[in-house]
Amino acid sequence: STIRHVKRSGGHVVGVIYDLIPLADPPDGLPELVADFKSWFNKLIRNADAFICISSSVAQQLSNHISVHYPSYHAKITHFHLGTELDFLVNRGDIRQTIKELLAVPRHVFIAVGSIEPRKNHAFILDAFERIWRAGGIASLVLIGLHGWKSEAILDRIANHQEFGRQLFHIRDASDTELDYVYRNASALVIASKIEGFGLPIVEAFQRGLPVLCSDIPVFREIADGKAQFFGLDDPSHLARLLLDFTQANTLSQARRRSPQPSLTWRESTE
């Protein structure tokens with residue numbers, strides 16, 4: 001009723017699209033959520049005069065989807081980028097000693113930040129690290145994120161892994177303060193997503209000068225090209241080689257020497 005009132009009054013309706021993942025990658029989603037998303041999207045198409053996406057990549061996906069499925073529909077499509085400012089956190093809770101100890105070890109510590117769900121591709125990351133560990137390599141992998149849907153198999157694999165508690169760790173309940181601490185003290189961020197709308201952990205890492213190794217997907221090229229190291233998703237051996245090269249090229253002091261990069265604040269993003 002609100003939308004009808006706005007349109008009758010000569011106003012415009014603009015939809016903000018974070019991603020089209022439920023439409024683009026339904027096998028990794030929950031059927032009921034995919035159905036709900038499709039229903040919501042159809043309603044939005046009937047009412048929206050324009051769309052704003054959170055990346056150029058999503059804007060292009062949206063344009064392609066509309067041209068195929070709604071050929072008679074025409075609307076302006078544009079995009080903006082998300083802001084990040086965890087830097088502004090000040091003394092919001094203590095950092096647990098266990099987390100400090102994870103980052104204090106005399107070896108490289110790689111972090112993966114994000115909910116545990118199929119499209120985040122944690123199994124691929126673990127495959128790569130297993131190649132390193134089997135070859136006698138020493139490097140920690142710390143997974144930071146709550147479990148999402150269809151995550152039972154990878155969570156079981158993590159919990160029962162022979163390196164769990166030694167070089168493999170999972171933090172389910174990190175506070176913003178603790179996440180900020182991990183970003184500032186890890187060796188690098190590893191993100192192997194198959195599909196994303198943006199990739200906020202990459203920007204958060206850049207803001208703290210944390211090196212980034214990320215999958216070669218369009219949206220990551222959009223936000224990280226020239227600033228991150230990319231790997232393909234066809235073979236975990238490629239990521240394993242990239243990780244080994246990183247550990248050999250960077251001493252611990254080099255990897256944890258920070259050169260923060262400027263990023264949008266939420267105010268700038270909103271403007």
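Just so we're clear, the structure is a prediction, and the values are computed from it rather than from any experiment.

Here we take up the pairing of strand β6 (residues 168-171). Because side chains alternate across β6, one face comprises the buried residues L168 and H170, and the other comprises F169 and I171, equally buried. Bridging between strand β5 (residues 140-144) and β6 involves four bridges; their strand directions are parallel. Residue pairing in the sheet places V142 in a bridge with F169 of β6. Crossover connection from β5 via helix α7 (residues 152-159) to parallel β6: handedness right-handed.

Any empty space left between atoms is shown by rolling a water-sized probe over those atoms. Its volume calculated, the largest pocket comes out at about 410 Å³. Together, 20 residues line the largest pocket, and V113, G114, S115, L179 and P201 are the ones closest to its centre. Elements supplying a minimum of two residues to the lining of the largest pocket: α8 (176-185) and α9 (200-207). Here the element with the most residues in the lining of the largest pocket is α9; it accounts for three residues. In this structure, the second largest pocket spans a volume of roughly 230 Å³. Residue lining of the second largest pocket: 13 residues in total, with I21, P22, E117, R119 and W149 positioned closest to the centre. For the lining of the second largest pocket, the secondary-structure elements that each account for two or more residues are α2 (21-24) and α3 (31-47). Of the residues forming the lining of the second largest pocket, the biggest block, three residues, is contributed by α3. A class-by-class count of the residues in the lining of the second largest pocket yields seven nonpolar, one polar and five charged.

Thresholds applied
Residues numbered from 1 in each chain as written. Predicted model: local features only at pLDDT ≥ 70, side-chain atom pairs only at ≥ 80, totals over all residues. Heavy atoms only, no water. Buried < 20%, exposed > 50% of the residue type's maximum accessible area, 1.4 Å probe, protein only. Helix = DSSP H or I, 4+ residues; strand = E, 2+ residues; numbered from the N terminus. Pairing = 2+ DSSP bridges. Right-handed = clockwise from strand over helix to strand, strands pointing away. 1 Å grid on protein atoms, 1.4 Å probe; cavity = no way out; pocket = protein on both sides within 12 Å on 5 of 7 lines; lining within 4 Å. Points joined across faces, edges and corners; volume = space filled by probe spheres on them. Nonpolar A, V, L, I, M, F, W, Y, C, P; charged D, E, K, R; others polar.

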